[in-house]
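Examination of the molecular architecture
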Amino acid sequence: MSTDATSLTPQDLEFLRRPLYGFLSVAGGPLPPQPRPVWFEATAEGTIQLFTGPDTLKVRRLRRDPRASIVVAAPVGERERWLSVAGHTTVETDGAHDLAARLAARYWDLDDDPARADDLAAILAEDWVRLVIHPEAVSRYAL
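Where an unreviewed UniProt entry is consulted, the protein chain appears under the name Pyridoxamine 5'-phosphate oxidase family protein, with the organism given as Streptomyces niphimycinicus.

Here the focus is the overall build of the protein chain. Along its length, the protein chain carries four helices and eight strands. Helices and strands appear in the protein chain in the N-to-C order β-α-β-β-β-β-α-β-β-α-α-β. A compact globule built from 143 residues should have a C-alpha radius of gyration of about 15 Å, and the protein chain, at 15 Å, falls within 12% of that. Judged by the C-alpha coordinates and their principal axes, the protein chain covers about 40 × 40 × 30 Å. Here the protein chain displays about 8,100 Å² of accessible surface, and carbon together with sulfur accounts for 53% of that area. Treating the 16 positive side-chain charges of the protein chain as one cloud and the 21 negative ones as another, the clouds have centres 8 Å apart.

A word on helix H3 (residues 96-107). An ideal rise of 1.5 Å per residue puts 16 Å on 12 residues; H3 measures up with 16 Å between its terminal C-alpha atoms. Among the residues making up H3, those that are buried are Ala96, Leu99, Ala100, Leu103, Ala104 and Tyr107. For H3, the buried positions fall inside an angular range of 135° around the axis, keeping them on one side.

What follows is about the nonpolar core. When a protein is soluble and globular, its nonpolar side chains tend to lie buried together. Formed by 36 residues in total, the largest nonpolar core has its most connected members in Leu8, Leu16, Ile48, Phe51, Ile70 and Val85. For this core, the element with the most residues is H3, which contributes six residues. Those residues within four positions of Leu16 in sequence are excluded, and the remaining contacts are Leu8, Phe40, Ala42, Ile48, Val72, Leu83 and Arg106.

Here Thr43 is to be found in the loop between strand S4 (41-42) and strand S5 (48-52). For Thr43, a relative accessible area of 10% corresponds to the buried category. Among the polar contacts listed, one links the side chain of Thr43 to the side chain of Thr47, at a separation of 2.7 Å. When neighbours within four sequence positions are excluded, Thr43 is seen to be in contact with Leu13 and Gln49.

What follows is about the packing of H3 against helix H4 (residues 114-124). Interaxial distance between H3 and H4 falls to 10 Å at its minimum, and their mutual angle equals 165°. Here H4 runs roughly antiparallel to H3, going by the angle between their axes. In the packing of H3 onto H4, the handedness of the crossing is right-handed. Contacts between H3 and H4 pair His97, Ala100, Ala101 and Ala104 from the former with Leu120, Ile123 and Leu124 from the latter.

On inspection of all chains with the given rule, the structure shows six aromatic pairs. Judged by centre distance (4.9 Å) and plane angle (80°), the rings of Trp39 and Trp108 are edge-to-face. Of this pair, Trp39 sits in the loop between strand S3 (36-38) and S4 while Trp108 is found in the loop between H3 and H4, placing the two residues 69 residues apart along the sequence. Residue classification places Trp39 among the buried residues on the basis of a relative accessible area of 15%. Ring plane angle 90° and centroid distance 5.1 Å describe the contact between Phe51 and Trp128, whose orientation is recorded as edge-to-face. Placement of Phe51 in strand S5 and of Trp128 in the loop between H4 and strand S8 (129-142) is noted, with a sequence separation of 77 residues between them. Taking the relative accessible area as the measure of exposure, Phe51 reaches 15% and is therefore buried. Linked through ring pairs, Tyr21, Trp39, Phe51, Tyr107, Trp108 and Trp128 together constitute an aromatic cluster. A cation sits over an aromatic face here: Arg106 above Phe40, 5.2 Å from the ring centre.

About the cut-offs
- One numbering rule holds for all chains: residues counted from 1, following each sequence as written.
- Where local features are concerned, this predicted model is filtered to residues with pLDDT of at least 70; where side-chain atom pairs are given and counted, the filter is 80 or more; whole-chain, interface and lining totals use all residues.
- Processing note: side-chain calculations cover all non-hydrogen atoms of the structure and skip hydrogens and water entirely.
- Secondary structure elements follow DSSP: runs of H or I of four or more residues count as helices, runs of E of two or more count as strands, with numbering from the N terminus.
- The globule rule used here is 2.2 Å times the number of residues to the 0.38 power, and the radius of gyration it is set against is calculated over C-alpha atoms.
- In short, Shrake-Rupley with a 1.4 Å probe defines the accessible areas, and a residue's cover is counted only from the protein chains shown.
- The charged-residue count follows a simple rule in which Lys and Arg add positive charge and Asp and Glu add negative charge, with His and chain termini not counted at all.
- Positions of charges follow a simple convention, taking NZ of Lys, CZ of Arg, CG of Asp or CD of Glu.
- What a helix should span is 1.5 Å times the count of its residues minus one.
- Exposure classes here rest on a 1.4 Å probe applied to the protein chains alone. A residue is buried below 20% of its type maximum, exposed above 50%, and partly exposed in between.
- The directions from the helix axis to the C-beta atoms form the arc being described.
- Take the buried residues of types Ala, Val, Leu, Ile, Met, Phe, Trp, Tyr and Cys, join any two whose side-chain atoms come within 4.5 Å, and each joined set is a nonpolar core.
- What makes two residues a contact is simply this: any of their non-hydrogen atoms within 4.5 Å.
- Here a polar contact is taken to be a pair of N or O atoms separated by no more than 3.5 Å, where protein atoms must pair a possible hydrogen donor with a possible acceptor and residues adjacent in sequence count only if both atoms sit in side chains.
- Axes here refer to lines fitted to C-alpha atoms; in helices the fit is confined to the stretch in contact. Angles between the N-to-C directions go from 0 to 180 degrees.
- Orientation labels follow simple angle bins: below 35 degrees gives roughly parallel, above 145 gives roughly antiparallel, 65 to 115 gives roughly perpendicular, and whatever is left gives oblique.
- Crossings are classed by handedness, with left-handed meaning an anticlockwise turn of the near helix from the far one by less than a right angle and right-handed meaning a clockwise turn.
- To pair, rings of Phe, Tyr and Trp, with the six-membered ring standing in for Trp, must have centres within 6.5 Å; the planes then decide the type, stacked if under 30 degrees apart, edge-to-face if over 60, and tilted in the middle.
- Two limits define a charge over a ring: the Lys NZ or Arg CZ must be within 6 Å of the ring centre, and within 35 degrees of the ring normal.

Written as structure tokens, this is what we have:
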């Protein structure tokens, strides 16, 4: 395992651009933490972003204490690898719908699955905010 205090490496970004699930934990929640699976995007600036409803429990907790972490692991059948990013999180009111559309295209086959295209249309009809994790600690493991 290695830790880089603040940033994602090019190898980290390559790994995070895959359609993997991240497991998000926010501060101020129950003990022990109860991570939730999420879609996410690693940005060129080295942040991690995801979208969620503006009135969710995680948003309320983040407004009180902006610390969060996300853990992403390689799927079964691949060599062991995981990445953990922790840092302060901002709740942004812009860009969530564009992010949702990009992530849906990454995780779903929108061209060949009309049900998924309908799911995306339903998502885009809702209100969302964008959560942005600004890395302060990055840990990684790879065999």
